[in-house]
Each structure stands twice: as structure tokens, then as C-alpha cells.
Amino acid sequence: ASTWANVKEGPPDAILGITEAFKKDSFKEKINLGVGAYRDDKGKPYVLPSVRTAEQKLLQDNLDHEYAGITGVPAFTKHAAVLAYGPDSKPLKEDRIAITQSISGTGALRIGGAFFERFYPHAKTIYIPTPSWANHKAVFLDSGLEVKQYKYYNKDTIGLDFDGLIADLKAAPENSLVLLHACAHNPTGIDPTQEQWQQISQLFKEKGHYPFFDMAYQGFASGDTDKDAYPVRLFIEQGHGLALAQSFAKNMGLYGERVGAFSVVADSAEEKKRIDSQVKILVRPLYSNPPVNGARIASEILGNAELNKQWLGEVKGMADRIIEMRALLKQNLKDLGSKHNWDHITNQIGMFAYTGLTAEQMDKLAKEHSVYATKDGRISVSGITTGNVKRLAEAIHKVTS
Ligand SMILES: Cc1ncc(COP(=O)(O)O)c(CNOCC(=O)O)c1O
């Protein structure tokens, strides 16, 4: 028999299936709300002008293509840490932050999973929210961790199940590893309030839980990079150690450049050095060292005051367009006389809206109205434009009447 006779056909990725169906649809006003990438008001990918400027600058520098070190472009990781933790961060000043460049956010999550599997001194189980990003479970299972869930979404209120979250994390064993979305929760778009984050921090103190923050949308959620990093900085102020996965896919539009960072806030500079050394030992056999181009672009932007300011304006522009599309969709649904309460569409934040539509209704949206999105009722708000929002509202109104 053939060497690979035992390889079975695996299930297709849920999102890819949507894109395939969308491509096959010949209706010219079809709408794709499945893709988790920013689109402008013409439905086109958006290359930030600040990224273009940084690219041109780099070209003039005639840089070589030598290997980076295992932990990547040093200027990039320095700037990425300042962006996440803030210029006045105490652990940063005390040199307690071990940081490595990663293959975007997914790579940072994977390095984190592998590091916890190798060194976490308590149960090698990580708790992730219900629901969470579709890829989280596989990343941590493949890292060799056990994956458990904590309540997060309340389908009756289409809001946060805060009591359920607290109850589950209270019931979890002491010193559990817990994954937290720092902002713009994927897929629900529902974030805890600042007061709720304070209560979550208190609970982590009581239980000795260890937070692993996934910050894939810093600046892209509210339009303010400091505001979006609130929970990470709160936990640090409250004295927690933590680990952080950063992605620059969305907030810099560097999707395919795979720009990210993984960091750990250690107790001391000496501990940070030990962690650094072990992260290098772990990364080396994984991919040896990361790609330099995207990190150089990000570093150029973050390291140049003027370009950084321009970038902040552009990332706010993306966030503002998404917030505007949320309001427009809700308004159009109201104007159509929909009897449903659509407040959640504008209460939620970031790339995605959890509509509350059932799988059957999502199916109807695709089959009868050529509107494509995942069965869980998640729509990527960035796929909404001033040109298609009316037709989208009509379609949603029809399948929910
Ligand atoms: C919460 C979260 N973490 C991490 C990541 C990883 O992003 P990347 O590896 O591209 O940086 C993503 C990327 N999501 O992709 C959009 C979608 O859900 O359709 C993410 O949403």
C-alpha cells in the first residue's frame, strides 16, 4: 500500500468554505462578511499610507537580507513592547519583559503554548472563552496543552455572560492558565467593561490564575492604542505576571507579512534573562528566525514620531469606519421597521459583530440573499460599505421577520 494510504481527508476550514461559496455566486451585488480582514468603503483591501511610506524609506536604506537573530529585529521588539505596555511601563523600565518576534499573532500564541507546555509549573491546561477565535483550541492542543472553556457569551442578551465567566474561573483549579482577549473579542465583538476587568483582575489574584493576553487588534478596536491595551496595563498595575501575544496584521494591515510578538512579564531582570534564553531554545528548532521585512516596516512606523502619529490616525480611521458601519446597519434595520432590538450591533466593538442570527438564518442569507458569513452568526463588519448596507439590512430584516 502507498506510504500515505492512512492519511484521511480532513474537514475544510469553516471560513474558507464561505469564501468558496461567495466566489461561486454570480450575483453582482453579493456580499462577503466572512473574511476577517479590513476592507475600505469600496470593499477593497487597504494598504495604510504610513506602511507605503515606511516601505519607500526602507528601500532607500538598501538593507541586506541577512538572518535576523532568533528573537527577530531588535528595534521591532523594543517598539512593540512600548506600544503594548506603554512608554512609562514599570516592568519595561526594570527590564523585566522577555520579548521575541513571532510569525504574527498565531505564531505568538503557539510560542506561548509551547513555552507553557515546557515550563508552566501547574496544570498544563489552558482555559479559553466560549466562543473564542476558531484557531485557539488547535494552537494549544498542538502545543501539547489540554484545553478547557470558560463561559463568555450570553446568547439571550447577546452580551457578556460576566457571572458565568466569574463562576467558571472561580471553579477552575488554583493557578490555572487562562487566555484573555485584550480587546475586540473574536468572534463576538463583546468586551468586558473596565470595571469588569478590575473584578477579573481581583479574581485572578485570589485564585493565582496566570493570564495569557491575546491582543490581535490594539488600536483597531476603539481607535486608541492605549485604550485597547487597558486590561494588559491594568493587570500589570495590579502586580500580575502575564504573557502577551501581539499581532500587527489588522492594526497595520500587515496580514501577509506575518508581524507579531510574544512577551512574558517576569518578576526580575534576572528571571527575564532566563526566560529569554529558554524562548530562544524553543524557537530555534521551530523556524530558526523570523522574516525581517514586515518587522522592519512596523519598526520604521513605531520608531519615527511623525510616521507613528500618521499611523495612529490611519488605524483610528479604520476603527471609525467600522463603528460607522455598525450604526448605519442598525439604523437601516430600524428604518425597515424591524421589531428586533439591534443594540448589540453598536454595543459590540472591533472587526466582528455577533448578530444573534441562527445557523438557518445565516444559511438563508447566503442562499436567498447572496450574503455570506459564518454559521455562528458572526459578520465581519469591515465587509459592510455605504454601498451595500441597505441591501444587507433588507436581507437581515427578511430572514428575521
Ligand atoms: C483573536 C485573534 N488572535 C489571533 C489572530 C491571529 O492573527 P495573525 O496570525 O494573522 O496575526 C486572530 C486573527 N483572526 O483572523 C480573522 C478571522 O478570525 O477571520 C484573531 O482574531
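Relevant structure appears above.
**Overview of the overall build of the protein**
The helix and strand inventory of the protein stands at 16 helices and 13 strands. Here the C-alpha atoms of the protein give a radius of gyration of 21 Å, agreeing with the 21 Å that 2.2 N^0.38 yields for 401 residues. Dimensions of the protein, computed from the C-alpha atoms along their principal axes, are close to 65 × 60 × 55 Å. Buried residues in the protein amount to 54% of all 401 residues. By sequence separation, contacts in the protein at least 24 residues apart represent 75% of the contacts at least 6 residues apart. About 18,400 Å² of surface is accessible on the protein, with carbon and sulfur atoms providing 53% of the total. Each charge class in the protein was averaged separately, 48 positive and 47 negative side chains, and the resulting centres sit 3 Å apart.

**Things to note about the packing of aromatic side chains**
Overall, the coordinates contain 18 aromatic pairs when judged by the stated rule. Ring plane angle 45 degrees and centroid distance 5.0 Å describe the contact between F115 and F119, whose orientation is recorded as tilted. Residue F115 and its partner F119 are both found in helix α5 (residues 104-119); the two are separated by four residues, about one turn of the helix. Classification of F115 as buried rests on a relative accessible area of 11%. In this structure F119 comes out as partly exposed when scored by relative accessible area, which is 33%. Lying over the aromatic face of F352, R378 brings its terminal NZ or CZ to 3.7 Å of the ring centre.

**Structural notes on the site of the ligand**
Looking at the ligand, there are 18 residues lining it, with S104, T106, D214, S247 and K250 nearest. Contact distances for the ligand include 3.2 Å between an oxygen atom and a side-chain N or O atom of W133. In the model, an oxygen atom of the ligand is placed 2.7 Å from a nitrogen or oxygen of the N186 side chain. At four residues, α5 tops the list of elements feeding residues into the shell around the ligand. Looking at the shell around the ligand residue by residue, the class counts come to seven nonpolar, seven polar and four charged.

**Some remarks on unusual backbone geometry**
Here the amide bond leading from T130 into P131 is cis, since omega sits at 0 degrees, within 30 degrees of zero. Tracing the chain through its elements places P131 in the loop between β3 (125-130) and α6 (136-142). Omega for the bond connecting N186 with P187 falls within 30 degrees of zero, at 15 degrees, which places this linkage in the cis form. Along the chain, the position of P187 falls in the loop between β7 (177-181) and α8 (194-207).

**Section: the sheet that holds strand β4 (residues 146-151)**
Sheet architecture is open: seven strands sit in the order β2-β10-β9-β8-β7-β3-β4, paired in mixed fashion. Bordering the open sheet on either side are β2 (97-103) and β4, each of which pairs with just one other strand. Neighbouring strand axes in the sheet, compared pairwise and without regard to direction, differ in orientation by 25 degrees on average. In the sheet, β7 pairs with strand β8 (residues 210-215) via five bridges, with the strands oriented parallel.

**What to know about the pairing of β3**
Taken across its six residues, β3 has five buried, putting it largely inside the fold. Relative to β4, β3 runs parallel, the two being bridged by six bridges. By the bridge assignment for β4, Y127 is matched with K148. Read from β3 through α6 to β4, the crossover connection turns out right-handed. Across two bridges, β3 lies against β7 in parallel orientation. Note that in β7 the partner of I126 across the bridge is L177.

Rules behind the numbers
- Residues numbered from 1 in each chain as written.
- Predicted model: local features only at pLDDT ≥ 70, side-chain atom pairs only at ≥ 80, totals over all residues.
- Heavy atoms only, no water.
- Helix = DSSP H or I, 4+ residues; strand = E, 2+ residues; numbered from the N terminus.
- Rg over C-alpha atoms; globule rule 2.2 N^0.38 Å.
- Buried < 20%, exposed > 50% of the residue type's maximum accessible area, 1.4 Å probe, protein only.
- Contact = heavy atoms within 4.5 Å.
- Areas by Shrake-Rupley, 256 points an atom, 1.4 Å probe, with all protein chains shown as cover.
- Lys, Arg positive; Asp, Glu negative; His and termini not counted.
- Charge placed at Lys NZ, Arg CZ, Asp CG, Glu CD.
- Phe/Tyr/Trp six-rings, centres within 6.5 Å; stacked < 30°, edge-to-face > 60°.
- Lys NZ or Arg CZ within 6 Å of the ring centre and 35° of its normal.
- Near = heavy atom within 4 Å.
- Polar contact = N/O pair within 3.5 Å; in protein donor to acceptor, adjacent residues only side chain to side chain.
- Nonpolar A, V, L, I, M, F, W, Y, C, P; charged D, E, K, R; others polar.
- Pairing = 2+ DSSP bridges.
- Axes fitted to C-alpha atoms, helices over the stretch in contact; angles between N-to-C directions.
- Right-handed = clockwise from strand over helix to strand, strands pointing away.

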